[in-house]
Amino acid sequence: MKTDNLFRLFNISTDSEDYEVEESFQKLIKKAASDSEKIEVSEIFHLIDTKEKRYLYFLTSTKGFEDISELDNAIISRPNYIGPRQWLELLD
Amino acid sequence: MNRETTKTKNDQSLKKFLSSVPGSSEYITLRNELKCQLTDPGSLEKADRVTGDLREEARTISDAFEAITNGMYNPEVFSNMKDIPENSLFYYWRELIYAIKAFYEKDYTEMENRLEKIEPESPLSLFKSLLYHLTGKNFIKNINIRQKSFIDNIIKDRSFIRSVIEQIVDSLEYEMEDLFLETTDLLLQDLNKNYSETAGRFAIWSIKTASRYKYSPTDLIATCRKSFGNTEAYRLTAIALSNEEPDISLLFWIQSLISKLKSVDITIHETAAYMTIISRAAEIIKNSSDTYYLESLNELIKSMKYELDNKFAGISSNTEIENNPFAFLIRLSTNYSSLEENKVRLTTLNANSGKKTGKNTYSKDVKSCVSPENIPKTSSNKPIQLGLFD
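Owing to the predicted nature of the structure, the values given are computational and were not obtained by experimental measurement.

Parameters and conventions
Residues numbered from 1 in each chain as written. Chains lettered and ligands numbered in written order. Predicted model: local features only at pLDDT ≥ 70, side-chain atom pairs only at ≥ 80, totals over all residues. Heavy atoms only, no water. Helix = DSSP H or I, 4+ residues; strand = E, 2+ residues; numbered from the N terminus. Buried < 20%, exposed > 50% of the residue type's maximum accessible area, 1.4 Å probe, protein only. Contact = heavy atoms within 4.5 Å. Areas by Shrake-Rupley, 256 points an atom, 1.4 Å probe, with all protein chains shown as cover. pLDDT = per-residue confidence, 0-100. Axes fitted to C-alpha atoms, helices over the stretch in contact; angles between N-to-C directions. Parallel < 35°, antiparallel > 145°, perpendicular 65-115°, else oblique. Left-handed = near helix turned anticlockwise from the far one by under 90°. Buried area = accessible area lost by both parts, 1.4 Å probe. Salt bridge = Lys/Arg side-chain N within 4 Å of Asp/Glu carboxyl O.

In this section: the overall build of chain A. The helix and strand inventory of chain A stands at six helices and zero strands. Reading the helices (α) and strands (β) of chain A from amino to carboxyl end gives α-α-α-α-α-α. Expressed as a percentage of its 92 residues, the buried residues of chain A come to 51%. Counted over contacts in chain A with a minimum sequence separation of 6, partners at least 24 positions apart contribute 59%. About 4800 Å² of surface is accessible on chain A, with carbon and sulfur atoms providing 49% of the total.

Shown next as structure tokens:
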């Protein structure tokens with residue numbers, strides 16, 4: 001389970017309502033393959049189960065690179081972003 | 001069928017669909033037809049006679065597509081996208097956007113799962129073969145010029161970034177402060193054009209490294225302010241300095257909050273989150289007694305309280321600024337935050353101060369430090385970062 005970005009994992013934002021986060025949580029629990037994964041999901045859920053906690057997570061979760069070489073992995077070895085126009089042009 | 005004929009057919013289907021009665025068999029048939037023809041969700045966003053829900057879906061898809069192809073993560077838009085159902089006109093677009101997201105995240109199983117949901121009759125199925133080509137799953141044999149250019153642009157070499165990284169490594173090895181600061185500054189600006197998330201992470205690394213080498217981060221922070229705005233620049237700086245210089249980090253958290261309070265869109269929840277972070281930092285450095293530092297901190301606290309009182313009248317007014325700024329911050333956080341950890345910090349603070357002084361909530365040493373008459377005119381060990389608050 002990719003837990004580096006909890007908003008992506010839960011498909012939510014800081015502005016999501018508590019019930020939306022709860023719904024996402026229930027879906028993830030259903031999808032969890034093992035008991036340990038369920039425990040992990042529950043622990044994560046408690047980090048973001050209120051709006052205040054979601055903001056707290058949002059404000060503090062940005063991690064700097066540990067080493068400059070990580071920039072290489074993040075950028076160079078990743079595909080380029082080319083914007084929507086070039087994608088849409090292929091459909092013309 | 002040539003391109004013009006296809007376009008005309010699509011336009012006619014769209015017109016008929018928009019004129020049909022929602023829920024009728026004609027509506028459902030036309031919707032299924034259009035679902036397999038839709039090449040530009042933006043066209044529906046702008047079209048006449050489109051219902052509110054359909055226009056909203058079109059806008060969500062357009063925004064998500066723009067964000068994902070530009071490398072920007074827009075959580076709000078992605079959160080809205082999950083509400084688009086399987087029978088929506090935009091369902092294949094939704095799946096394509098998730099597939100593109102998975103492609104950039106190198107989650108190829110998720111990418112394939114999403115792409116398989118796009119029917120072969122949909123024009124979007126073209127991207128199935130292109131994305132499979134890009135990931136090496138299936139190479140396209142007869143590729144046209146436009147498709148080749150598309151693929152080339154996505155995998156284009158960026159060796160110049162690698163050379164910039166080498167320059168940064170060299171500048172640190174030979175302790176060339178100017179070269180380090182100039183190169184990181186330029187790279188930061190460059191990254192922010194297309195990779196704002198990565199630029200933020202790089203900014204944290206740069207400021208942290210500058211601090212470790214005792215280089216002045218002033219220019220870097222100025223670039224961050226230009227690139228990300230004051231609130232975000234101060235937040236990134238606070239994170240960068242949190243381990244090496246927690247006292248300075250606290251000043252930047254407060255600066256970030258003040259900057260955010262001056263904007264119109266801060267909520268009580270976000271303010272509470274800031275206050276928790278500030279309280280945590282105050283707890284860590286509560287024994288700091290550097291006079292210049294305390295002077296800067298007190299100034300910022302005054303500004304912060306002013307902005308808080310303006311924004312949330314009544315919430316902080318019952319907490320008066322006391323001589324111990326750390327105690328004040330810990331106490332203030334409980335006015336905004338509902339988190340238990342803030343109450344625990346306050347209880348501990350009260351218990352400890354009771355033990356030390358019998359009744360006061362701050363130590364005599366710190367109290368005397370924050371009195372202006374006790375602050376010396378010059379200090380030989382003033383941290384570089386404090387210059388930012390002069």
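This paragraph deals with the confidence of the model for chain A. Residue-level pLDDT values for chain A average 87, and 93% of them are 70 or greater. Averaged over each element, pLDDT in chain A is lowest for helix α5 (residues 69-76) of chain A (76) and highest for helix α4 (residues 51-60) of chain A (95).

All names here are of chain B. At a minimum axis separation of 10 Å, helix α4 (residues 52-70) and helix α6 (residues 91-104) run at an interaxial angle of 20°. The orientation of α4 relative to α6 falls into the category roughly parallel. Classified by chirality, the crossing of α6 by α4 is left-handed. Here α4 contributes Ile61, Ala64, Phe65 and Ile68 to the contact with α6, which in turn contributes Trp93, Arg94, Ile97, Ile100, Lys101 and Tyr104.

Moving on to the environment of Lys27(A). For Lys27(A), the location among the structural elements is in helix α2 (residues 18-31). With 17 residues separating them in the primary sequence, Lys27(A) and Phe10(A) have C-alpha atoms 9.0 Å apart.

Of the residues lining the interface, 46 residues belong to chain A; the matching set on chain B comes to 69 residues. Where chain A abuts chain B, roughly 5500 Å² becomes buried across the two surfaces, and 63% of that area is made up of carbon and sulfur atoms. When the buried area of chain A at its contact with chain B is split by residue, Glu52(A), Tyr81(A) and Trp87(A) rank highest and sum to 16% of it. The interface formed by chain A and chain B includes three salt bridges.

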